[in-house]
Amino acid sequence: MRISIVGLGYVGLVTSAGLSEWGHDVVGIEASPSRLDSLRAGRMPFFEPALDEMVQRHTQNGRFRFVGSEDAEDDLVASDIVMVAVGTHDGKGGWETATATAALTRIVPAMADDAVLVVRSTLPPDFVASLPDLVHELRRQHGKMAIPILLNPEFTREGRAVRDFLHPDRVVLGVIDDPEEVGVGRLQDVYVAAEAPIVVLPGVAATLSKLGANLFLATKISFVNELAVLCDRYGADVDEVVSAMAFDARIGGAFLRAGVGFGGSCLPHQVTMTVRTAVEEGLHLPLLTAVDEVNHRQRARFVDLVMESVDGIESPRVALLGLTFKPDTDDLRDAPALTIAEELLRRGAAVRAYDPMSSAARRAAEFIPGLEIAGSAAEAVDGVHAIGLVTEWPEFSALDWNGLHELAAGTTVVDGRNALSPTAVTQAGFAYRAFGRGSLDAVAAVPVDGEATVPIRIESEVQPRSHDRGTSTRRAADADLRQPA
Ligand code: UDX
């Protein structure tokens, strides 16, 4: 099939590569000349595992081409399907549909009478409802016949987007206007290669199923972060608590990792956009309002933990490990690390950060005046009074904490992703602070050159703990053994 994809951002580029992989002739239509130049030079505009190789392979075998928006007329006329994958949020927590409207205004009149229009961008429900009027009016003005209009929301995660596209849990098709079912039939033919359930819904239900999925994932994360508060208060490890809950098939264990909360281009915006629109429309959504609030509180709590650990130091220096919103991406959009770095700087700390994705680190330094960038974790930690882990890049789990202890001037590690081994960190001489590892908060650092003065809980990171250990942990907490900086 001949398919045009309008917009070569994350969604458009991954979709293009995946459709080429399934054997379709794909044309990517991109408005930004610089993005187009970089793609033509074989450079991906962002990092995504496996994408680079797949794009190169299909541009070389001729299945995937790029054209500028101004030169797309012939390809649009020749396409069986035109998919729109442009951004729909303003980057400040609001919807932004002007780009999608402009793209539709450009492409809809050029499409053939037997082509199918598919919107892959995430859309606000009221915009979905208004699409038939907009599209049919554009067709009428140009003397063209009505075309089928469908939605095909994406559920791909950054860092594993290619795999998620090729092997999705489900494919959702939203029917906005498709009286003869030509559009549904054509998309079903495309997605048969995914070997996944195909759910066909009315258009508004399809967009709400996309929003609903992300809102639910965000809710799970804020839920576990609230559960972590209970764990800290009563002395339990949130991962252990979740591991028991996860056996209940109604609950499951995914997306229940406590820490500094969710970032990225989807979850935070979709929560704030939903809450903001609901307020404007007089709806009451207290749960989603709280999801947003809890998420922001996590970042503030991380800053508080770091600042508590350097209390009394005149010019505190802090190392941040990780800047991207999660590992395996170079994406800094709504990355918790950026808010955290800004707030630490505002509160008077000098901040030096390291991220394995050096391009992201350089961009972070451009966004945040005063943020120093290090070329390695060791360089970041050299001479600092506190260390905060914000992104759980795998290399941080393998750090040599003994070596880092020699370099650091202070002795607290705040683990914002519950990703480190408390054993390795505390045995090196650091105090360990985390989210919902309340039982571990009570553990003082092992004196580097002597015997531990409190029982060190090192043996049970993976094994279930007995009630006895819980009791001894609480005793340690009662004795106020939290390690100062
Ligand atoms: C998300 C959705 O998962 C995906 O289906 C949708 O298509 C796009 O938005 P993505 O933004 O790539 O994907 O990231 P995701 O893996 O969902 O993580 C989002 C944020 O939540 C990250 O900051 C991550 O660190 C955080 N997170 C995730 C947690 O804090 N705890 C968890 O248990 C899981």
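Residues numbered from 1 in each chain as written. Predicted model: local features only at pLDDT ≥ 70, side-chain atom pairs only at ≥ 80, totals over all residues. Heavy atoms only, no water.

Looking at the site of the ligand
Moving on, step 1. Not every one of the 20 residues close to the ligand is listed here, only the nearest: Thr 156, Glu 158, Arg 257, Phe 325 and Lys 326.
Moving on, step 2. With respect to the ligand, the side chain of Glu 154 contributes an N or O atom lying 3.4 Å from an oxygen atom.
Moving on, step 3. In this structure, Phe 155 approaches the ligand through a main-chain N or O atom, which is 3.2 Å from an oxygen atom.
Moving on, step 4. The protein chains hide 95% of the 670 Å² of surface that the ligand would expose on its own.
Moving on, step 5. Among the elements that take part in the shell around the ligand, helix H9 (residues 203-234) stands out by supplying four residues, more than any other.
Moving on, step 6. Its residues assigned to classes, the shell around the ligand shows nine nonpolar, four polar and seven charged. (Near = heavy atom within 4 Å. Polar contact = N/O pair within 3.5 Å; in protein donor to acceptor, adjacent residues only side chain to side chain. Areas by Shrake-Rupley, 256 points an atom, 1.4 Å probe, with all protein chains shown as cover. Helix = DSSP H or I, 4+ residues; strand = E, 2+ residues; numbered from the N terminus. Nonpolar A, V, L, I, M, F, W, Y, C, P; charged D, E, K, R; others polar.)

Remarks on the sheet that holds strand E1 (residues 2-6)
Moving on, step 1. Spatial strand order, E3-E2-E1-E4-E5-E6-E7-E8: eight strands in an open sheet with mixed pairing. Of all strands in the sheet, those with a lone pairing partner are strand E3 (64-68) and strand E8 (198-202), marking the two edges. Across the sheet, the mean angle from the axis of one strand to that of its neighbour is 25°, orientation sign disregarded.
Moving on, step 2. Across five bridges, strand E2 (residues 25-30) lies against E3 in parallel orientation. If you follow Ile 29 over to E3, its bridge partner there is Val 67.
Moving on, step 3. The sheet contacts of helix H2 (residues 33-40) involve E2 and E3, and relative to E3 the element is tilted by about 150°.
Moving on, step 4. Those strands touched by helix H8 (residues 182-191) are E1, strand E4 (81-84), strand E5 (116-119), strand E6 (149-151), strand E7 (171-177) and E8, and its axis lies near 165° from that of E7. (Pairing = 2+ DSSP bridges. Axes fitted to C-alpha atoms, helices over the stretch in contact; angles between N-to-C directions. Contact = heavy atoms within 4.5 Å.)

Thoughts on the sheet that holds strand E11 (residues 372-373)
Moving on, step 1. Within the open sheet, the six strands sit side by side as E11-E10-E9-E12-E13-E14. Their pairing is parallel. A single partner strand is all that each edge strand has here, and the edge strands are E11 and strand E14 (431-434).
Moving on, step 2. By the bridge criterion, two bridges tie strand E10 (residues 350-354) to E11 in an arrangement that is parallel. Bridge pairing in E11 places Arg 352 opposite Glu 372.
Moving on, step 3. Its contacts with the sheet place helix H13 (residues 336-346) against strand E9 (317-321) and E10, and it is angled at close to 180° to E9.

Side note on the packing of helix H11 (residues 267-280) against helix H12 (residues 286-309)
Moving on, step 1. In the contact formed by H11 and H12, the axes pass within 9 Å of each other and the chain directions differ by 135°. What the angle tells us is that H11 and H12 run oblique. Judged by the sense of rotation from one axis to the other, the crossing of H11 with H12 is left-handed. Contact residues: Val 271, Thr 272, Thr 274 and Val 275 in H11; Leu 288, Thr 289, Val 291 and Asp 292 in H12.
Moving on, step 2. Split by residue class, the contact of H11 with H12 holds four nonpolar, three polar and one charged. (Parallel < 35°, antiparallel > 145°, perpendicular 65-115°, else oblique. Left-handed = near helix turned anticlockwise from the far one by under 90°.)

Quick word on the side chain of Asp 415
Moving on, step 1. Counting through the fold element by element, Asp 415 comes out in strand E13 (residues 412-415).
Moving on, step 2. For Asp 415, which is buried and forms no salt bridge, the nearest opposite charge comes from Arg 437, at a distance of 4.0 Å.
Moving on, step 3. In this structure the side chain of Asp 415 is engaged in a polar contact, spanning 2.9 Å, whose partner is the backbone nitrogen of Asn 418.
Moving on, step 4. Within polar-contact distance, the side chain of Asp 415 engages the side chain of Tyr 432 at 2.6 Å. (Buried < 20%, exposed > 50% of the residue type's maximum accessible area, 1.4 Å probe, protein only. Lys, Arg positive; Asp, Glu negative; His and termini not counted. Salt bridge = Lys/Arg side-chain N within 4 Å of Asp/Glu carboxyl O.)

Some details on H11
Moving on, step 1. If you check H11, its first and last C-alpha atoms are 20 Å apart, about what 14 residues at 1.5 Å a residue would give, namely 20 Å.
Moving on, step 2. In terms of burial, H11 is largely enclosed, as ten of its 14 residues are buried.
Moving on, step 3. Along H11, the residues that are buried comprise Leu 267, Pro 268, His 269, Gln 270, Val 271, Thr 272, Met 273, Thr 274, Val 275 and Ala 278.
Moving on, step 4. Where H11 is buried, its residues meet H9 and H12.
Moving on, step 5. Gly 282 sits one or two positions beyond H11 and adopts a positive phi of about 75°. (Expected span 1.5 Å × (residues − 1).)

These values are about where atoms sit, not about what they do.
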